[in-house]
Amino acid sequence: MISTQMLNKEQQEGVLTTEGPVLILAGAGSGKTRVLTNRTAYLIDEKGVSPYNILAITFTNKAAAEMKSRINEIVGFGSDGVWVSTFHSCCVRILRRYVDRMGYDTAFTIYDTDDQKSLMKDICKRLEIDTKMYKEKMFLNAISAAKNELIDPSDFLARAEGDFKQLKIATVYAEYQKQLLKNNAMDFDDLIMKTVELLSVDNEVREYYQERFHYIMVDEYQDTNRAQFMLIKLLAGKYKNLCVVGDDDQSIYKFRGADISNILDFESIYPNAKVIKLEQNYRSTQNILDAANQVIANNRGRKPKALWTEKEAGDRIVFEQFESASEEAYFIANDIKKSVKQAECNYNDCAVLYRTNAQSRLLEERFVANNIPYKLVGGVNFYARKEIKDILAYLKTIDNGKDDIAVTRILNVPRRGIGMTSQNKVMDYAYNKGISFYDALKEGDRVPGLSRAVGKIRPFVDLIENCRDMLFHNSPVKVLEYLIKETGYVEELEAEGTDEAKARIENIDELITKMVDYEQRADEPTLGEFLEEVALVADIDSYDEDGDYVVLMTLHGAKGLEFPRVYMSGMEDGIFPSYMCITADDPDELEEERRLCYVGITRAKSHLTMTAARTRMIRGETQYNAVSRFVKEIPKELLKGYVKKNSTDNMPRSDTFRKAKQAFKSKPFSATPMQTYNNMQRQGIVLDYKEGDRVSHIKFGEGTVQKIVQGGRDFEVTVDFDQVGVKKMFAMFAKLKKV
DNA sequence: CAGCCATATCTTTTT
DNA sequence: GATATGGCTG
């Protein structure tokens with residue numbers, strides 16, 4: 001039974017307004033999940049709606065699972081019937097049932113980014129595209145963007161309007177779709193787009209689902225793209241009881257096609273929509289909320305809103321700048337350790353957030369050294385690891401022999417002595433005969449030019465066929481175990497004996513465990529369903545807030561979560577906001593970064609610490625970065641000790657550094673590795689070039705030395721570069737070479 | 001055909 | 001710094 005007395009007035013309104021379109025603008029920490037779960041409970045308990053007629057859509061499995069369990073807590077029995085799922089799994093469910101009406105096999109496989117890349121590579125090779133000119137990734141990005149906008153290959157061609165590059169993309173796009181269909185596979189974007197297509201084209205299917213879903217709710221609506229928008233519009237087409245929840249200030253997935261106008265224009269698309277604003281924040285202290293409000297206030301083009309809280313001011317925000325990124329990591333690790341020791345918090349109260357996954361490395365090292373339990377979320381997905389992808393490719397081959405990408409991946413893994421030459425011969429044969437790669441392997445003796453290789457291919461085909469036969473009478477796990485034994489995959493790793501090989505074996509064991517777990521959960525376990533589940537998990541799904549560990553993740557990953565103590569690391573211009581956004585002509589990109597900052601700040605309940613480093617290694621180059629402009633947007637009164645010690649002041653410490661910075665104030669500065677720097681310092685600097693000499697620079701290319709001036713401990717060298725013009729730089733950093 | 005070494009490119013963010 | 005690719009050799 002639900003009780004509305006725990007809800008504020010606006011929240012109650014959100015729960016009780018069940019009919020017609022509703023837009024809930026829910027600020028960070030304003031209890032939107034509570035509204036959604038209570039609303040569902042209200043529909044079932046009070047309005048007698050069948051759970052079967054309710055659909056709730058989220059972005060991650062974790063969010064879906066949480067909503068499900070919270071509905072369960074309130075409603076108890078009967079809530080199982082509610083469809084709570086992610087966009088992608090919802091679409092898969094629909095497609096598995098009806099996609100055969102569009103020429104696909106309902107047993108299609110789902111391609112992840114890796115698979116897409118492999119396929120694209122093959123296509124570029126076949127179409128003889130110079131991948132130096134046009135990168136595979138460029139095509140994939142363009143295709144993904146098109147799919148998010150529901151633009152199919154023929155639309156794309158029509159829009160190309162004679163533009164050479166666009167025409168090229170159109171050709172590749174068409175071929176890509178053709179190959180996907182042939183492989184009986186779909187990529188992530190297809191899942192949404194094909195569902196929209198199915199619902200648009202097939203009246204019977206559309207009416208079925210429209211009739212089924214009397215009530216639809218969508219979480220994180222600000223992150224929907226055009227395709228997802230259409231999907232929802234189609235599904236809600238009959239009853240129009242659509243409730244969307246979102247916050248335009250937390251829209252951070254534009255790069256993935258999210259269209260903020262979906263939420264901003266909701267009222268004009270659904271004219272009689274009721275709009276409810278949730279502005280009371282229940283999560284953060286006043287200081288944290290003030291900081292968030294002040295930062296986000298710098299964005300134009302947002303729906304005006306003001307978050308408020310009844311909470312006390314709380315601690316001020318800590319900001320610290322360090323000489324290097326490792327010192328930063330050292331500080332964060334120590335600070336967490338200290339706080340736990342003093343019983344101020346547990347490890348799982350703490351989260352360390354950063355802009356890019358690469359930043360996690362130093363933190364991890366520090367955490368290991370300090371014996372701090374931590375969990376890294378994101379980065380390389382478990383299912384993206386080599387050994388896991390190999391095993392999954394076997395399973396995919398068993399499940400869907402049409403998936404050429406999977407078959408080619410494992411044909412020679414472990415080594416069977418089948419090289420590229422043989423593989424290409426089979427591939428050509430398959431292409432000419434219009435059959436799948438695997439089917440071509442089966443008739444290997446008829447492939448021209450395959451002499452000895454036939455004998456090597458045979459055992460591979462037999463293995464796959466045996467597994468398929470086994471599947472009729474055995475559980476998928478049995479087949480998996482048989483497979484691992486027969487291929488000798490683990491055996492080979494054991495023989496290797498390295499730590500890395502051991503870690504791989506552990507991962508494979510983990511995969512078996514996951515499959516066992518799946519079989520126990522499923523009513524009727526099938527290999528296909530397992531593969532599907534595996535394809536659609538995000539790393540965040542495995543994060544469990546009950547375990548006592550610090551969590552490390554990107555700011556993007558943290559959306560929707562909250563922690564008593566939050567550390568935002570790498571608060572530097574060039575890192576966050578990223579260099580790409582600073583240099584972009586489009587000011588919207590900076591605004592998106594600012595929203596990301598807003599998301600980060602509002603994750604914190606009571607303690608927020610921001611850190612920055614003066615120097616940081618990025619891709620093997622040392623960068624010097626200024627303090628993030630976002631830090632400067634926070635009023636100083638909210639910061640603890642902003643101008644106190646010299647370790648936290650804004651001026652660079654060393655004379656050399658200050659001058660270096662002046663010379664390179666516009667760009668993040670790549671310096672020579674520290675090794676050389678130290679050598680030079682020890683030896684005193686000897687320049688092997690003089691004024692008028694031709695020199696070359698690692699980044700700027702060749703140029704002529706105009707002036708050399710002794711400055712402090714280093715030489716200030718002025719060079720007129722052929723490509724980029726005159727630059728002033730310090731010899732110590734510039735690493736100029738005489739040519 | 002496989003294993004080794006040189007090189008090139010990468011990085012924002014993810015279902 | 002790390003990983004993917006390409007060329008070479010045994």
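The structure under discussion appears in the preceding block.
A short tour of the structure in this document, coming up. (Residues numbered from 1 in each chain as written. Chains lettered and ligands numbered in written order. Predicted model: local features only at pLDDT ≥ 70, side-chain atom pairs only at ≥ 80, totals over all residues. Heavy atoms only, no water.)

**Some details on the environment of alanine 440**
Turning to its location among the elements, alanine 440 is positioned in helix H20 (residues 437-442). Note: C-alpha distance between alanine 440 and valine 599 (159 residues apart in sequence) is 52 Å. (Helix = DSSP H or I, 4+ residues; strand = E, 2+ residues; numbered from the N terminus.)

**Section: the sheet that holds strand S8 (residues 274-278)**
Sheet architecture is open: six strands sit in the order S3-S2-S6-S7-S1-S8, paired in parallel fashion. Single-partner strands in this sheet number two, and they are strand S3 (83-86) and S8. This sheet shows a mean twist of 15° between the axes of neighbouring strands, independent of strand direction. Relative to S3, strand S2 (residues 54-58) runs parallel, the two sharing four bridges. Residue pairing in the sheet places leucine 55 in a bridge with tryptophan 83 of S3. Sheet strands in contact with helix H2 (residues 32-45) are strand S1 (22-26), S2, strand S6 (215-218), strand S7 (242-246) and S8, and its direction is about 170° off that of S6. Its contacts with the sheet place helix H4 (residues 87-98) against S2, S3 and S6, and it is angled at close to 110° to S3. (Pairing = 2+ DSSP bridges. Axes fitted to C-alpha atoms, helices over the stretch in contact; angles between N-to-C directions. Contact = heavy atoms within 4.5 Å.)

**A word on the packing of aromatic side chains**
Following the criterion strictly, the structure yields 18 aromatic pairs and no others. Between tyrosine 394 and phenylalanine 460, the ring centres sit 6.4 Å apart and the planes meet at 55°, which makes this aromatic pair tilted. Of this pair, tyrosine 394 sits in helix H17 (residues 386-399) while phenylalanine 460 sits in helix H21 (residues 453-473), and the two are 66 residues apart along the sequence. Within the aromatic cluster, the residues linked to one another by ring pairs are Trp83, Tyr98, Tyr208, Tyr209 and Phe213. Stacked on the ring of tyrosine 253, the Lys or Arg arginine 256 has its end atom at 4.4 Å from the ring centre. (Phe/Tyr/Trp six-rings, centres within 6.5 Å; stacked < 30°, edge-to-face > 60°. Lys NZ or Arg CZ within 6 Å of the ring centre and 35° of its normal.)

**Examining the protein's contact with DNA strand C**
Lining the immediate surroundings of DNA strand C are Lys121, Arg361, Arg619 and Gly620. Taking lysine 121, its side chain carries an N or O atom lying 2.3 Å from a phosphate oxygen of DNA strand C. A per-class count over the surface near DNA strand C returns no nonpolar, one polar and three charged. (Near = heavy atom within 4 Å. Polar contact = N/O pair within 3.5 Å; in protein donor to acceptor, adjacent residues only side chain to side chain. Nonpolar A, V, L, I, M, F, W, Y, C, P; charged D, E, K, R; others polar.)

**Quick notes on the protein's contact with DNA strand B**
Around DNA strand B sit 27 residues, and of these Arg256, Arg355, Gly419, Thr421 and Met580 come closest. In the interface set of DNA strand B, defined as its atoms within 4 Å of the protein, sugar plus phosphate atoms amount to 62%. In this structure, phenylalanine 59 approaches DNA strand B through a main-chain N or O atom, which is 3.0 Å from a sugar or linking oxygen. Serine 422 places a side-chain nitrogen or oxygen 3.0 Å from a phosphate oxygen of DNA strand B. The element contributing the most residues to the surface near DNA strand B is helix H19 (residues 420-433), with three residues. Broken down by class, the residue content of the surface near DNA strand B amounts to nine nonpolar, 11 polar and seven charged.

**Brief notes about the pairing of S7**
When you tally the buried positions in S7, you get five out of five residues, the bulk of the element. Of the two faces of S7, the one lined by Leu242, Val244 and Gly246 and the one lined by Cys243 and Val245 are each fully buried. Where S1 lies against S7, four bridges are found, and the strand directions are parallel. When the sheet's bridge partners are listed, isoleucine 24 is paired in S7 with valine 245. As paired strands, S6 and S7 are joined by three bridges and run parallel to one another. (Buried < 20%, exposed > 50% of the residue type's maximum accessible area, 1.4 Å probe, protein only.)

**Focus on empty space enclosed by the protein**
Which parts of space are left empty comes out when a probe the size of a water molecule is rolled across the atoms. One pass over the structure, following the stated rule, counts five cavities of 30 Å³ or more. By volume, the largest cavity is sized at about 150 Å³. Residue lining of the largest cavity: 15 residues in total, with Arg126, Gln179, Lys182, Asp404 and Met427 positioned closest to the centre. Those elements that place two or more of their residues in the lining of the largest cavity are helix H5 (113-126), helix H8 (164-182), helix H18 (404-410) and H19. Considering every element that reaches the lining of the largest cavity, the biggest residue donor is H5, with four residues. Tallied by class, residues from the lining of the largest cavity come to eight nonpolar, three polar and four charged. (1 Å grid on protein atoms, 1.4 Å probe; cavity = no way out; pocket = protein on both sides within 12 Å on 5 of 7 lines; lining within 4 Å. Points joined across faces, edges and corners; volume = space filled by probe spheres on them.)

**Structural notes on the side chain of arginine 206**
Along the chain, arginine 206 turns up in helix H10 (residues 203-212). No salt bridge is formed by the buried arginine 206; its nearest oppositely charged neighbour, glutamate 207, is found at 4.7 Å. Here asparagine 203 takes part through its side chain, which lies 2.8 Å from a polar atom of the side chain of arginine 206. When residues no more than four places from it in sequence are discounted, the contact partners of arginine 206 are Leu199, Ser200 and Leu234. (Lys, Arg positive; Asp, Glu negative; His and termini not counted. Salt bridge = Lys/Arg side-chain N within 4 Å of Asp/Glu carboxyl O.)

**Here we look at helix H27 (residues 587-601)**
With 15 residues, H27 ought to run about 21 Å at 1.5 Å a step, and its terminal C-alpha atoms sit 21 Å apart, in line with that. Of all 15 residues that make up H27, 12 are buried, and the element is covered over most of its length. Listing the buried residues of H27 in full gives Leu590, Glu591, Glu592, Glu593, Arg594, Arg595, Leu596, Cys597, Tyr598, Val599, Gly600 and Ile601. Sitting at the amino-terminal end of H27 is aspartate 586, which places a side-chain oxygen 3.1 Å from the backbone nitrogen of aspartate 588. (Expected span 1.5 Å × (residues − 1).)

**A word on the pattern of salt bridges**
One side chain can pair with another of opposite charge once the charged atoms of both are near each other. All chains considered together, the criterion is met by 47 salt bridges. Between arginine 594 and glutamate 633 there is a salt bridge, with the nearest N and O atoms lying 2.8 Å from each other. Placement of arginine 594 in helix H27 and of glutamate 633 in the loop between helix H28 (629-632) and strand S16 (639-640) is noted, with a sequence separation of 39 residues between them. No difference in accessibility class separates arginine 594 from glutamate 633, as the two residues are buried.

**Re the nonpolar core**
In terms of nonpolar packing, the biggest core is built from 66 residues, with Leu191, Tyr209 and Leu242 touching the most fellow members. Beyond its immediate stretch of four places on either side in the chain, tyrosine 209 contacts Trp83, Ile94, Arg97, Tyr98, Leu199 and Leu235. Leu450, Ile457, Leu463 and Leu483 belong to the second-largest nonpolar core, a separate cluster that totals 53 residues. (Core = buried A, V, L, I, M, F, W, Y, C linked by side-chain atoms within 4.5 Å.)

**Quick look at H8**
Turn by turn, an α-helix covers 3.6 residues, leaving residues three or four places apart pointing in a common direction. Here H8 spans 27 Å end to end across 19 residues, near enough to the 27 Å set by a 1.5 Å rise per residue. Of all the residues in H8, the buried ones are Ile169, Ala170, Val172, Tyr173, Glu175, Tyr176, Gln177, Gln179 and Leu180. Buried residues belonging to H8 abut strand S4 (109-111), H5, helix H6 (136-148), helix H7 (153-160), strand S5 (185-187) and helix H9 (188-201). A side-chain oxygen of the first residue of H8 lies 3.0 Å from the backbone nitrogen of lysine 165; this N-cap is aspartate 163.

**Side note on unusual backbone geometry**
Residue proline 414 is reached from valine 413 by a cis peptide bond, and omega for that bond is -5°. Among the structural elements, proline 414 can be located in the loop between H18 and H19. Residue proline 577 follows phenylalanine 576 across a cis peptide bond; omega there is 5°. Unlike most non-glycine residues, asparagine 184 shows phi in positive territory, near 55°. Within the secondary structure layout, asparagine 184 lies in the loop between H8 and S5. Not every positive phi belongs to a glycine, and glutamate 220 is a case in point at roughly 50°.

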